[in-house]
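# Structure at a glance
One letter stands for each residue in the lines below.
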Amino acid sequence: MSDKVSHPLFARLYPRISAYADAHGSLEHRRELLAGARGRVVEIGAGIGSNFRHYPAEVERVFAVEPEPRLRGLATRAAATARIPVEVLPGRAERLPLDDASVDMAVASLVLCTIADVPAALGEVLRVLKPTGELRFYEHVRAQEPRVYRRQRILNPLWRLIGGGCNVTRDTETAIRRAGFTIETVRRFEFRPDSKAYPASPSIIGTARPAGASD
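Please read these numbers as outputs of a predicted model, since none were measured by experiment.

This brings us to the layout of surface pockets. What the second largest pocket holds in volume is close to 440 Å³. Along its surface, the second largest pocket is lined by 25 residues, and Arg 142, Ala 143, Gln 144, Glu 190 and Pro 202 are the ones closest to its centre. Elements with a contribution of two residues or more to the lining of the second largest pocket: α4 (146-162), α5 (172-178), β6 (181-190) and β7 (202-210). At four residues, α4 tops the list of elements feeding residues into the lining of the second largest pocket. Taken together, the residues of the lining of the second largest pocket break down into ten nonpolar, six polar and nine charged.

Pasting the structure below:
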């Protein structure tokens, strides 16, 4: 698998999409996701760096991994104005450029929908996390309601095409558990930035730890 990912059209559109979502509620979701973050953090699929300004001062350093060149360039610019040290790195979530047990926290924010091999990516997160580390996740997911899920399945091929490979049918919560994590908290909600339901509206925010971990 190549470490290179290129979605030039999506990468040009995404800053506007992200800004619109943040202005209509996603900003609060990012703050919720990162509240209490500390230590050394790896953020997989950092995109344009939208999370960087929300990391609290207790974070020692963020290693922000982003494979898409244009998005990575924008993330590098965002890192320059972050209040905590951010190192933007090329690479894929399936092969994180970090040592074993080298970070206290991993952050997955609106990214597990796009990753080609989710089990491999979550396995990498387990590898680089310290035994007492924590995974924070904020993702849109497969709907629990069968009618909505059927609609997601119908629209998913087109959604993936225009959304940089984004899948709206992934059961991310189950994937996290199967990868060897114990989910500690999860909040399910419908994100409707303009009061309309979208295929990507079903969402979750939560925390997980490696199975068997203890503080």
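Picking up after the structure, the text goes on.
The subject of this paragraph is the nonpolar core. The nonpolar side chains of a soluble globular protein tend to be buried with one another. By size, the foremost hydrophobic cluster in this structure holds 28 residues, and its most contacted members are Val 42, Ile 44, Ile 115, Val 125, Leu 135, Ile 176 and Phe 181. Every element with two or more residues in this core is listed here: β1 (39-44), β2 (59-65), β4 (103-109), α3 (118-128), β5 (129-140), β6 and β7. In terms of residue count, α3 provides more of this core than any other element does, five residues in total. In this structure, Val 42 is in contact with Phe 63, Val 65, Leu 98, Val 103, Met 105, Ala 106, Val 107 and Val 128, ignoring residues within four places of it in sequence. One finds Leu 33, Val 59, Val 88 and Ile 205 within the second-largest nonpolar core, a separate group that totals 23 residues.

A word on the sheet that holds β4. One open sheet accounts for seven strands, arranged β3-β2-β1-β4-β5-β7-β6; its pairing is mixed. Taken across any chain shown, the strands that pair with only one partner, and hence form the sheet edges, are β3 (86-89) and β6. Direction aside, neighbouring strands of the sheet carry axes that sit 15° apart on average. The sheet contact formed by β1 and β2 spans six bridges and is parallel. Among the inter-strand pairings, Ile 44 is bridged to a residue of β2, identified as Val 65.

Inspection of every chain in the model, using the stated rule, returns 14 salt bridges. Note that Arg 92 is salt-bridged to Glu 94, the shortest N-O span being 3.4 Å. Side by side, Arg 92 and Glu 94 carry an identical accessibility label, which is buried. Among the ionic pairs, Lys 130 bridges to Asp 104, the shortest N-O distance being 3.0 Å. Note that Lys 130 is positioned in strand β5 and Asp 104 in strand β4, a separation of 26 residues in sequence. Classification of Lys 130 by relative accessible area gives partly exposed; the value is 29%. Because the salt bridges share partners, they merge into one network encompassing Asp 100, Glu 124 and Arg 127.

Notably, Ala 101 is not glycine yet its phi reads approximately 50°, a positive angle. Within the element layout of this structure, Ala 101 appears in the loop between β3 and β4.

This structure, assessed with the given rule, holds zero aromatic pairs. Its end group placed over the ring of Tyr 149, Arg 142 keeps NZ or CZ at 3.9 Å from the ring centre. Between the NZ or CZ atom of Arg 187 and the centre of the ring of Phe 189, over which it lies, the distance is 4.4 Å.

Another point: the environment of Tyr 149. Looking at where Tyr 149 falls in the secondary structure, it is placed in helix α4. Taking the C-alpha atoms as reference points, Tyr 149 and Arg 92, 57 residues apart in sequence, are found 28 Å from one another. Residue contacts for Tyr 149: discarding those within four places in its chain leaves Arg 142, Ala 143 and Thr 169.

Compared with an ideal rise of 1.5 Å per residue, which puts 17 residues at 24 Å, α4 spans 24 Å between its outermost C-alpha atoms and is within 8% of the ideal. Remark: the principal bend of α4, roughly 50°, maps to Leu 155, with a proline, Pro 157, within the next four residues. Residues Val 148, Tyr 149, Gln 152 and Asn 156 constitute the buried set of α4. On its buried side, α4 packs onto β7. At the C-terminal side of α4, Gly 164 shows a positive phi close to 65°.

Reading the values: rules and limits
Residues numbered from 1 in each chain as written. Predicted model: local features only at pLDDT ≥ 70, side-chain atom pairs only at ≥ 80, totals over all residues. Heavy atoms only, no water. 1 Å grid on protein atoms, 1.4 Å probe; cavity = no way out; pocket = protein on both sides within 12 Å on 5 of 7 lines; lining within 4 Å. Points joined across faces, edges and corners; volume = space filled by probe spheres on them. Helix = DSSP H or I, 4+ residues; strand = E, 2+ residues; numbered from the N terminus. Nonpolar A, V, L, I, M, F, W, Y, C, P; charged D, E, K, R; others polar. Core = buried A, V, L, I, M, F, W, Y, C linked by side-chain atoms within 4.5 Å. Buried < 20%, exposed > 50% of the residue type's maximum accessible area, 1.4 Å probe, protein only. Contact = heavy atoms within 4.5 Å. Pairing = 2+ DSSP bridges. Axes fitted to C-alpha atoms, helices over the stretch in contact; angles between N-to-C directions. Salt bridge = Lys/Arg side-chain N within 4 Å of Asp/Glu carboxyl O. Phe/Tyr/Trp six-rings, centres within 6.5 Å; stacked < 30°, edge-to-face > 60°. Lys NZ or Arg CZ within 6 Å of the ring centre and 35° of its normal. Expected span 1.5 Å × (residues − 1). Bend = angle between axes of the 7 residues up to and from the residue.

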